[in-house]
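Chain by chain, the residues:
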Amino acid sequence: MSAIDDLPPLRDVIKQHALSARKSLGQNFLLDLNLTARIARAAGPLEDATIIEVGPGPGGLTRALLALGAKRVIAVERDPRAIDALDQISRRYPGRLEIVSGDATTFDPRPLLGGARAKIVANLPYNIATPLLIDWLSIEPWPPWYDMMVLMFQREVAERIVAREDDEAYGRLAVLANWRATTKILFDISPAAFVPQPKVISSVVRLVPRAAPEPCDRRALEQVAAAAFGQRRKMLRQSLKSLGADPARLAAAAHVDPTRRAETVPVSGFVAMARELTDIRSTKC
């Protein structure tokens, strides 16, 4: 008997379906069902929720989400070996688990949601975690189709997501994430909880979309952040030259001195510079 249901222990599931983790798929299976339940609870309440899960593997988090009452779980799995294991969970929870065999980087859940909102809850494969997050944060129009993300990352990536100005990890990802969402690291998970054990600590991060982020063009914001952090050791008056606009004017719009460096500028400053850049470009047209 497992900690959360009457399905076989995950080690037995992995053995039964020959689900050895593959590095090429970024797989590290979390086998502690108490920890998967903790992740699921972080996305609660679940009773009326539709959950999008990416990379369920043998289904530890899937089982926790369903056992804790998720109304519907849409599990997107690229590894065909895992489908039979997930089918076993589907039979245990009839009508509540929908298995999508495919690549999460090209998967659009909206046709399956029928206009309803969802939550994204996942132990993301390490090799696609950051690109997926950027895609979800770049959805247009905003607000997006999800109302919460509870995601697992390598600790280093998690720190980059939640960083604020003057933090060592502050950069382009933090600007995008904290412009469009509130972010928080909830807890860490030891490498010993995974099979195979990764070489790094993992962290569970919660992101809640802001209903109305400070207004600016997302592409302009990304361009300003890319220019500023692309030469992060240089002052803004130098690093922003690549944008084709007067760096001093952009810095003035953010009420910051052009001799400052990117890591000292808050998200609101980057938003102000992005708006100014858009205005400059529109007057040139």
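Residues numbered from 1 in each chain as written. Predicted model: local features only at pLDDT ≥ 70, side-chain atom pairs only at ≥ 80, totals over all residues. Heavy atoms only, no water.

Draft legend 1. Molecular detail of the environment of Thr259. Note on placement: Thr259 falls in the loop between helix H11 (247-253) and helix H12 (267-284). By relative accessible area, Thr259 is classed as partly exposed at 33%. Separated by 24 residues in sequence, Thr259 and Met235 place their C-alpha atoms 4.9 Å apart. Contacts of Thr259, omitting those with residues within four sequence positions, involve Met235 and Arg237. Side-chain polar atoms of Thr259 contact the side chain of Asp257, separated by 2.6 Å. (Helix = DSSP H or I, 4+ residues; strand = E, 2+ residues; numbered from the N terminus. Buried < 20%, exposed > 50% of the residue type's maximum accessible area, 1.4 Å probe, protein only. Contact = heavy atoms within 4.5 Å. Polar contact = N/O pair within 3.5 Å; in protein donor to acceptor, adjacent residues only side chain to side chain.)

Draft legend 2. A look at unusual backbone geometry. With an omega dihedral of 5°, the bond running from Trp142 to Pro143 counts as a cis peptide bond. Tracing the backbone shows Pro143 in the loop between helix H6 (129-137) and strand E6 (146-154). Note the cis peptide between Val195 and Pro196, where omega equals -10°. Despite not being glycine, Asp166 has its phi angle at roughly 75°, a positive value. Mapped onto the elements of the fold, Asp166 is located in the loop between helix H7 (155-162) and helix H8 (172-180). The exposed category is assigned to Asp166, whose relative accessible area is 58%. For His255, which is not glycine, the phi dihedral falls at a positive 60°. By the element assignment, His255 lies in the loop between H11 and H12. The class for His255 is exposed, based on a relative accessible area of 74%.

Draft legend 3. Focus on the layout of surface pockets. There is about 420 Å³ of room inside the largest pocket. Looking at the largest pocket, it is lined by 32 residues, and the ones nearest its centre are Val54, Gly55, Pro56, Asn123 and Pro125. The set of elements that each furnish at least two residues to the lining of the largest pocket consists of strand E1 (29-30), strand E2 (50-54), helix H3 (60-67) and strand E3 (72-77). Classifying every residue of the lining of the largest pocket by side-chain character gives 15 nonpolar, 12 polar and 5 charged. (1 Å grid on protein atoms, 1.4 Å probe; cavity = no way out; pocket = protein on both sides within 12 Å on 5 of 7 lines; lining within 4 Å. Points joined across faces, edges and corners; volume = space filled by probe spheres on them. Nonpolar A, V, L, I, M, F, W, Y, C, P; charged D, E, K, R; others polar.)

Draft legend 4. Looking closely at H8. Among the 9 residues in H8, 8 count as buried, and that is most of the element. Listing the buried residues of H8 in full gives Leu173, Ala174, Val175, Leu176, Ala177, Asn178, Trp179 and Arg180.

Draft legend 5. Expanded view of empty space enclosed by the protein. For the structure shown, the criterion picks out 1 cavity of 30 Å³ or more. The calculated volume of the largest cavity comes to roughly 30 Å³. Leu7, Val13, Pro58, Arg63, Ala85, Gln88 and Ile89 are the residues that line the largest cavity. At 3 residues, helix H4 (residues 83-92) tops the list of elements feeding residues into the lining of the largest cavity. For the lining of the largest cavity, the per-class residue count stands at 5 nonpolar, 1 polar and 1 charged.

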